[in-house]
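# Fold and geometry: a report
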Amino acid sequence: MKHSFKLRKSLLKNIYTERLGFSSITVENKKDVENTINTILNFIGLETSLIPVNCSYNFINSTAYFQLELRNGVNKLEFFESIKKFEEYVEVIDAQAV
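Residues numbered from 1 in each chain as written. Predicted model: local features only at pLDDT ≥ 70, side-chain atom pairs only at ≥ 80, totals over all residues. Heavy atoms only, no water.

Two elements in contact, helix H2 (residues 30-43) and helix H3 (residues 76-90), have axes whose closest approach is 11 Å; the angle formed by their N-to-C orientations is 105°. On the basis of the axis angle, H2 is roughly perpendicular to H3. Counting all contacts with H2, which are made through Ile40, Leu41 and Phe43, the residues of H3 involved are Phe86, Tyr89 and Val90. (Axes fitted to C-alpha atoms, helices over the stretch in contact; angles between N-to-C directions. Helix = DSSP H or I, 4+ residues; strand = E, 2+ residues; numbered from the N terminus. Parallel < 35°, antiparallel > 145°, perpendicular 65-115°, else oblique. Contact = heavy atoms within 4.5 Å.)

Below you can see the structure in the form of C-alpha cells.
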C-alpha cells in the first residue's frame, strides 16, 4: 500500500525549523528528500510502519515528491492511521496529496 505526496520545499523547511528544532535543511535531490522524510517519520514514531519510496525533487518549482509505503509485516489497518498521523503532523494544508 502506498500514498503519494507533493510537498513544497518551504513546508519541509518549516517542519525542520519549527517542529523538529533543526536550524537548517538541504533538499536538492531524491536522496535528500528520502532522508528528510525518514527524519520526520522517526521523530513522530512512524518509522516502524512507513517507509518513503519513489522520492524525487523538482528544482523548477522547489517541490519534493514521494510515496509512503507500508512496511512488510505491518497490519494494513495501521497504514491509514499512520498516513493520517503523518498528514496531521506536516499539516498538508497547502501541499497537495496526490
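From this point, the narrative continues.
Next up on the list: the packing of aromatic side chains. Applying the stated criterion to the full structure yields seven aromatic pairs. Both rings, one in Phe43 and one in Tyr89, keep their centres 6.4 Å apart while their planes meet at 50°; by these two values the pair is tilted. In this pair, Phe43 is assigned in helix H2 and Tyr89 in helix H3, connecting sequence segments 46 residues apart. Classification of Phe43 by relative accessible area gives partly exposed; the value is 47%. The interplanar angle of 90° and the centroid separation of 5.2 Å between the aromatic rings of Tyr57 and Phe59 together place this pair among those described as edge-to-face. Classification of Tyr57 as buried rests on a relative accessible area of 14%. With relative accessibility at 59%, the residue Phe59 sits in the exposed group. Taken together, the aromatic side chains of Phe5, Phe66 and Phe86 make up a single cluster linked through ring pairs. (Phe/Tyr/Trp six-rings, centres within 6.5 Å; stacked < 30°, edge-to-face > 60°. Buried < 20%, exposed > 50% of the residue type's maximum accessible area, 1.4 Å probe, protein only.)

Buried within helix H1 (residues 9-19) we find Leu11, Leu12, Ile15 and Tyr16. End-on, the buried residues of H1 take up no more than an arc of 135°, which puts them together on one face. At its buried positions, H1 is contacted by strand E1 (2-8), H2, strand E3 (63-70) and H3. (Arc of directions from axis to C-beta.)

Fair warning: the whole summary comes from geometry, so function is off the table for now.
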